[in-house]
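# Geometric and topological summary
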Amino acid sequence: MHEELPGLAAKIAKVLSRGSEYVVTQPAELRVLREVSDAEVREFAKNHGWRVIRRLGGRQIEFYNDANQRAL
């Protein structure tokens, strides 16, 4: 995977520890996520117990805590 994903994961985890969603709209963060395949982004989210949704043709990506993953 991309070398900048661990830093992005830390930021997402921090935000999701305080709220229910993290919306990626920053160009630098979107660039990192666009450099990996959709399947890799889904696996990245799943590995962290998150759910991911792409909106607006990929210009906005949302991460949520996945209750199904947390319960396991």
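Fair warning: this is a prediction, and the values are worked out from it, not measured in the lab. (Residues numbered from 1 in each chain as written. Predicted model: local features only at pLDDT ≥ 70, side-chain atom pairs only at ≥ 80, totals over all residues. Heavy atoms only, no water.)

The subject of this paragraph is the nonpolar core. Ranked by size, the top nonpolar core spans 18 residues in total, and within it Ile12, Leu33, Trp50 and Phe63 carry the most contacts. Those elements that provide at least two residues to this core are helix 1 (5–16), strand 1 (21–24), helix 2 (27–34), helix 3 (38–47), strand 2 (50–55) and strand 3 (60–65). The greatest single-element share of this core, amounting to five residues, is contributed by helix 1. (Core = buried A, V, L, I, M, F, W, Y, C linked by side-chain atoms within 4.5 Å. Buried < 20%, exposed > 50% of the residue type's maximum accessible area, 1.4 Å probe, protein only. Helix = DSSP H or I, 4+ residues; strand = E, 2+ residues; numbered from the N terminus.)

Of the residues in the protein, 90% reach a pLDDT of 70 or more, and the chain-wide mean stands at 87. By mean pLDDT, helix 4 (residues 67–71) is the weakest element of the protein at 57, and helix 1 is the strongest at 95. (pLDDT = per-residue confidence, 0-100.)

What follows concerns the pattern of salt bridges. Between side chains of opposite charge, a pair can form as their charged atoms come close. For the structure on display, the rule yields five salt bridges. One salt bridge connects Glu4 with Arg31, and the closest N-O pair in it is separated by 3.4 Å. Here Arg31 lies in helix 2 and Glu4 lies in the segment before helix 1, a separation of 27 residues in the sequence. Through salt bridges with shared partners, a single network forms among Glu4, Arg31 and Glu35. (Salt bridge = Lys/Arg side-chain N within 4 Å of Asp/Glu carboxyl O.)

Mapping Glu62 onto the fold places it in strand 3. Within the local environment of Glu62, its side chain forms a polar contact with the side chain of Arg55, the two groups lying 2.8 Å apart. Among the polar contacts listed, one links the side chain of Glu62 to the side chain of Gln60, at a separation of 3.0 Å. Leave out the neighbours within four places in its chain, and Glu62 touches Glu21, Tyr22, Val23, Arg51, Val52, Ile53 and Arg55. (Polar contact = N/O pair within 3.5 Å; in protein donor to acceptor, adjacent residues only side chain to side chain. Contact = heavy atoms within 4.5 Å.)

Attention now goes to the packing of aromatic side chains. For the structure on display, the rule yields three aromatic pairs. Aromatic pair Phe44 and Phe63: ring centres 6.1 Å apart, planes at 85 degrees, arrangement edge-to-face. Here Phe63 lies in strand 3 and Phe44 lies in helix 3, a separation of 19 residues in the sequence. Both residues of the pair, Phe44 and Phe63, belong to the buried class. Consider the rings of Trp50 and Phe63, whose centres lie 5.8 Å apart with planes at 75 degrees: the pair is edge-to-face. Placement of Trp50 in strand 2 and of Phe63 in strand 3 is noted, with a sequence separation of 13 residues between them. (Phe/Tyr/Trp six-rings, centres within 6.5 Å; stacked < 30°, edge-to-face > 60°.)

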